[in-house]
Amino acid sequence: MCLEEAAASDLIIDGPYSRNFESGAENLVSRARDAVLMAAKVNGAAFGFHLTKNLPLASGIGGGSADAAAALRLGATRLGLDPDGSAIRNAASSLGSDVPACLASRPAMATGHGDHLSPTPHFPSLHAVLVNPNVASPTAQAYRAYDRAPSPQGANRQWPGAELRTARETALFLAECRNDLETPAIRLTPKIGDVLALLQRQPETLLSRMSGSGATCFALVENAGDARLLEERISAREPGWWVRRAVLAGGP
């Protein structure tokens, strides 16, 4: 994303997934710009945004929230506000539960509605492969399905007292945790189950999970070489899917 000198209403969207997004006032980037203007007490704006969409719609990896956070940072800098100040943090909270974490752009433990953030204990940077079967998993529908389902029994494990030093140790810990939206999302979008089943069968996979409310799933692997092999194999087997390697930044 980049900031452009343009009329206040201008939001230009391009990229491979741009056809799925509207550029009107309800777009999260437009709302983020309006929130910055309100925080700066500015009427009107002399800038707009040029947004390139490289992530699938409703993919569960915070693409829209990250776009909004980037717009907040760019707009704040343009208007002389502190991007890490309370005014911008409050603006992030008003835009959605995931936006504060994306604004902070570092590993965090989230509580409440996701906007109460605290630093994570140490864990290593993790190599992963992200896979989306190019189907949408709308967040609201996944939450409604969760609300209708029996509540999961028991809480997630607390973070261990000792540091997690390797990808394998981290995967073993996370294997005892869960994503409560995974089961209802699979019921709504069975293709998510197909992705998880395929990832779980691969020799490089240490752990596979659905991300957020789906439909993207991820596999944690040992190292960059394993990530490359897994990405190439899944891409060759399912050329219509969106498959990308990633590195998930470790905690402090």
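Scroll up to find the structure this text is about.
Scoring rules and cut-offs
- Residues numbered from 1 in each chain as written.
- Predicted model: local features only at pLDDT ≥ 70, side-chain atom pairs only at ≥ 80, totals over all residues.
- Heavy atoms only, no water.
- Buried < 20%, exposed > 50% of the residue type's maximum accessible area, 1.4 Å probe, protein only.
- Helix = DSSP H or I, 4+ residues; strand = E, 2+ residues; numbered from the N terminus.
- Pairing = 2+ DSSP bridges.
- Axes fitted to C-alpha atoms, helices over the stretch in contact; angles between N-to-C directions.
- Left-handed = near helix turned anticlockwise from the far one by under 90°.
- Contact = heavy atoms within 4.5 Å.
- Nonpolar A, V, L, I, M, F, W, Y, C, P; charged D, E, K, R; others polar.
- Arc of directions from axis to C-beta.
- Disulfide = S-S within 2.5 Å.
- Core = buried A, V, L, I, M, F, W, Y, C linked by side-chain atoms within 4.5 Å.
- Polar contact = N/O pair within 3.5 Å; in protein donor to acceptor, adjacent residues only side chain to side chain.

Concerning the pairing of strand E7 (residues 207-210)
Residue alternation in E7 divides its side chains into two sets, Leu-207 and Arg-209 and Ser-208 and Met-210, and both sets are buried. Remark: six residues form the turn of the hairpin made by E7 and strand E8 (residues 217-221), two consecutive strands paired antiparallel; Gly-212 in that turn has positive phi of roughly 55°.

Here's the deal with the packing of helix H1 (residues 28-40) against helix H3 (residues 86-95)
What describes two packed helices is the angle between their axes and the distance between those same axes. The geometry of H1 relative to H3 is characterised by a closest axis approach of 10 Å and an angle of 145° between their N-to-C directions. The hand of the H1/H3 crossing is right-handed. On H3, the residues that touch Leu-28, Arg-31, Ala-32, Ala-35, Val-36 and Ala-39 of H1 are Ala-87, Ile-88, Ala-91, Ser-94 and Leu-95. Each residue belonging to the contact of H1 with H3 can be placed in one class, and the counts come to nine nonpolar, one polar and one charged.

Structural notes on the environment of Leu-199
Mapped onto the elements of the fold, Leu-199 is located in helix H8 (residues 191-200). A relative accessible area of 1% means that Leu-199 is categorised as buried. Setting aside its immediate chain neighbours within four residues, Leu-199 contacts Val-131, Thr-205, Ser-208, Cys-217, Phe-218, Ala-219, Leu-230 and Ile-234.

Some remarks on H3
Along H3, the positions that sit buried rather than exposed are Ile-88, Ala-91, Ala-92 and Leu-95. One face of H3 carries all of its buried residues, which in axial projection span an arc of 100°. Along its buried surface, H3 packs onto H1, helix H2 (63-78) and helix H4 (99-104). Downstream of H3 by a residue or two, Gly-96 has a phi angle that is positive, lying close to 155°.

Quick word on the sheet that holds E7
In spatial order, the strands read E7-E8-E6-E9; together these four strands make up an open sheet with antiparallel pairing. The open sheet has two free edges, formed respectively by E7 and strand E9 (242-248), since each of these has just one partner strand. Strand-to-strand twist in this sheet, taken as the mean axis angle between neighbours without regard to direction, amounts to 25°. Across the face of the sheet, helix H6 (residues 167-174) comes into contact with strand E6 (126-132), E7 and E8 while running at roughly 50° to E7.

What to know about the state of the cysteines
Under the criterion given, the structure shown has zero disulfides. The structure places no disulfide on Cys-177, whose sulfur is separated from the nearest cysteine sulfur, that of Cys-217, by 17 Å. Of the residues examined, Cys-177 reaches a relative accessible area of 16% and is grouped as buried.

Structural notes on the pairing of E8
Most of E8 sits inside the fold, with five of its five residues counted as buried. Sheet analysis places E7 next to E8, joined by four bridges and oriented antiparallel. Within E8, the residue paired with Arg-209 across the bridge is Phe-218.

Overview of unusual backbone geometry
A negative phi holds for most residues other than glycine; trans holds for most peptide bonds. Looking along the chain, the bond that leaves Gly-214 and enters Ala-215 is cis, with omega of 10°. Within the secondary structure layout, Ala-215 lies in the loop between E7 and E8. With a phi angle near 55°, Lys-41 is a residue other than glycine that sits in the positive phi range. Mapped onto the secondary structure, Lys-41 falls in the loop between H1 and strand E3 (48-52). When its relative accessible area of 75% is taken as the criterion, Lys-41 is described as exposed. A positive phi angle is found at Ala-58, which is not glycine, with a value near 50°.

Observations concerning the nonpolar core
One broad trend across soluble globular proteins is that nonpolar side chains are buried collectively. Among the nonpolar cores identified, the biggest contains 21 residues, and Leu-72 and Val-99 are the most heavily contacted of them. Of all elements in the fold, only strand E2 (11-14), H1, E3, H2, H3 and H4 reach the threshold of two or more residues within this core. If we skip the residues at most four places from it in the chain, Leu-72 touches Ala-32, Ala-35, Val-36, Ile-88, Ala-91, Ala-92, Leu-95, Val-99 and Leu-103. Judged by nonpolar contacts, the second largest core, of 19 residues, contains Ala-215, Cys-217, Val-221 and Leu-230.

Quick notes on the side chain of Asn-132
Position of Asn-132 relative to the elements: it lies in strand E6. The exposure class assigned to Asn-132 is buried, which follows from its relative accessible area of 0%. Within the structure, the side chain of Asn-132 is placed 2.9 Å from the side chain of Thr-216, a separation counted as a polar contact. Those residues within four positions of Asn-132 in sequence are excluded, and the remaining contacts are Pro-56, Ser-59, Ala-215, Thr-216, Trp-241 and Trp-242.

Some remarks on the environment of Gly-75
The topology assignment puts Gly-75 in helix H2. Residue classification places Gly-75 among the buried positions, given a relative accessible area of 1%. Taking the C-alpha atoms as reference points, Gly-75 and Phe-47, 28 residues apart in sequence, are found 8.4 Å from one another.

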